[in-house]
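Take a look at the letters that make up each chain.
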Amino acid sequence: MKLLVTGGAGYVGSVCAARLVESGHEVVVLDDLSTGHSDAVPDGVRLIAENIDDAIGSVLAEGFDGVLHFAAKSLVGESQQDPAKYWQGNVVTSLRLLDAMREHGTPRLVFSSTAAVYGEPDGSPIVETAPTRPTNTYGATKLAIDHAITGYATSHGLAAVSLRYFNVAGAYGRFGERHTTETHLIPIVLQVASGKREKVAVYGDDYPTEDGTCVRDYIHVADLADAHLKALAHTSGGTHRIYNLGNGLGFSVRQVIDACREVTGHAIPADVAPRRSGDPAVLVASSEKARTELGWKPERVDLAGIVRDAWEFTQSREEV
Ligand code: UDP
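- With an unreviewed UniProt entry as reference, the protein is termed UDP-glucose 4-epimerase, source organism Saccharothrix australiensis.
- Recorded under Sequence similarities (unreviewed entry), the UniProt text for the protein is reproduced unchanged: "Belongs to the NAD(P)-dependent epimerase/dehydratase family."

Encoded structure:
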């Protein structure tokens, strides 16, 4: 297929673009490089480094079999401080994309949604039919886009899949996490191991979990990419399917830090700090639906293995 990957110079987008190319698809990346990196775009892929709102119409006019839409603003804290940036950058841009797809007859869409649409869950693991009550603007914008996609699928025949990611981690060869503002646990802990940060702050150790720290479902970015390939093959006109993607296992903040110590051989000092506002105690996905309907299964579920891939990527960047 000829596929447009928005946000293909970012972390998840670049890994997916690489896997799509490996699977024989023709890939074009559209990315404004506001947070992405041009050298993260896989070899042989055309990069259109333009603002999506401005360029999407003329790009889709070329004719594409589908779009994988990764481009988004994705910092929870920033979304609370500057909601307009998120409603504009996520919702308005996605509506422009949907309209341009309709205008140019682009049949398929795979959209990067998030576990943040669920907010504080009633139970664990979280299934797709759980109530959606986002507790931050980031999650609210992704949920609004999911609703818009449902409308375009039902009324205009779009074949769409939304994938709700839990905690994406790890790296795939030379493609990995390179955020200027780093807020995610694993890269932060690895920054301590590589001497860029003195210690880790553990945000709360009085949660109702086994060791008192928050439990999250860390999914390897390559497993996540494989789910996109399966999703693309399972799209069907007029239907919007939604799947959670996690590895189904929960790991606490302390377990993550221990895995990083084991992999890096670094002591990694960690201090308990106050809770971060809006952090649910436990977020673990049920990916049963993706397993049953897409035939997808996460293969890289071992936490140390996920951390090892991220660490190798971090070290390779230091040599650049
Ligand atoms: N966390 C932490 N210290 C940090 C960064 C994160 O204790 O410096 C915790 C955070 O409170 C959450 C977990 O690690 O419980 C995962 O956070 P992250 O920001 O990676 O992902 P989130 O689950 O918020 O999407």
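1. Some points on the sheet that holds strand 3 (residues 46–48)
- What the 7 strands build is an open sheet, ordered 3-2-1-4-5-6-11; its pairing is parallel. The open sheet has two edge strands, strand 3 and strand 11 (240–245), and neither has a second partner. Averaged over all pairs of adjacent strands, the angle between their axes in this sheet comes to 20 degrees, without regard to strand direction.
- Judged from the 3 bridges that link them, strand 2 (residues 26–30) and strand 3 form a sheet pairing that is parallel. The partner of Val29 across the bridge, within strand 3, is Leu47.
- Those strands touched by helix 2 (residues 52–60) are strand 1 (2–6), strand 2, strand 3 and strand 4 (66–69), and its axis lies near 180 degrees from that of strand 1.

2. Thoughts on the site of the ligand
- Of all residues adjacent to the ligand, which total 14 residues, the nearest are Leu185, Ala201, Arg216, Arg276 and Asp279.
- Interatomic distance of 2.7 Å between a side-chain N/O atom of Arg276 and an oxygen atom of the ligand.
- The side chain of Asp279 places a nitrogen or oxygen atom 2.5 Å from an oxygen atom of the ligand.
- Burial of the ligand by the protein amounts to 88% of the accessible area it has alone, namely 520 Å².
- Those elements giving two or more residues to the shell around the ligand turn out to be helix 6 (185–193) and strand 8 (200–203).
- The dominant element in the shell around the ligand, judged by the number of residues it contributes, is strand 8, at 3 residues.
- Here the shell around the ligand is composed, by residue class, of 8 nonpolar, 3 polar and 3 charged.

3. Considerations on the pattern of salt bridges
- According to the stated counting rule, one finds 18 salt bridges in the structure shown.
- Residue Arg19 pairs with Glu22 through a salt bridge whose shortest N-O separation is 2.7 Å. Highlighted residues: Arg19 and Glu22, both in helix 1 (residues 11–22), separated by 3 residues, approximately one helical turn.
- For Arg19, a relative accessible area of 17% corresponds to the buried category.
- Given a relative accessible area of 49%, Glu22 falls into the partly exposed group.

4. Structural notes on the side chain of His69
- In this structure, His69 sits in strand 4.
- Polar contacts involving the side chain of His69 include one to the side chain of Ser94, which spans 3.0 Å.
- Setting aside anything within four residues of it in sequence, one finds His69 in contact with Thr6, Ser94, Leu97, Leu109, Val110, Phe111 and Ser112.

5. Focus: the packing of helix 6 against helix 8 (residues 253–264)
- Interhelical geometry of helix 6 versus helix 8 gives an angle of 40 degrees and a closest axis separation of 10 Å. Here helix 6 is positioned oblique relative to helix 8, judged by the angle of their axes. In the packing of helix 6 onto helix 8, the handedness of the crossing is right-handed. Of helix 8, the residues touching helix 6 (which contributes Leu185, Ile186, Val189, Leu190 and Ala193) are Val253, Val256, Ile257, Cys260 and Thr264.

Rules of the game
- Residues numbered from 1 in each chain as written.
- Predicted model: local features only at pLDDT ≥ 70, side-chain atom pairs only at ≥ 80, totals over all residues.
- Heavy atoms only, no water.
- UniProt positions renumbered as here; feature names shortened; annotations may be inferred.
- Pairing = 2+ DSSP bridges.
- Helix = DSSP H or I, 4+ residues; strand = E, 2+ residues; numbered from the N terminus.
- Axes fitted to C-alpha atoms, helices over the stretch in contact; angles between N-to-C directions.
- Contact = heavy atoms within 4.5 Å.
- Near = heavy atom within 4 Å.
- Polar contact = N/O pair within 3.5 Å; in protein donor to acceptor, adjacent residues only side chain to side chain.
- Areas by Shrake-Rupley, 256 points an atom, 1.4 Å probe, with all protein chains shown as cover.
- Nonpolar A, V, L, I, M, F, W, Y, C, P; charged D, E, K, R; others polar.
- Salt bridge = Lys/Arg side-chain N within 4 Å of Asp/Glu carboxyl O.
- Buried < 20%, exposed > 50% of the residue type's maximum accessible area, 1.4 Å probe, protein only.
- Parallel < 35°, antiparallel > 145°, perpendicular 65-115°, else oblique.
- Left-handed = near helix turned anticlockwise from the far one by under 90°.

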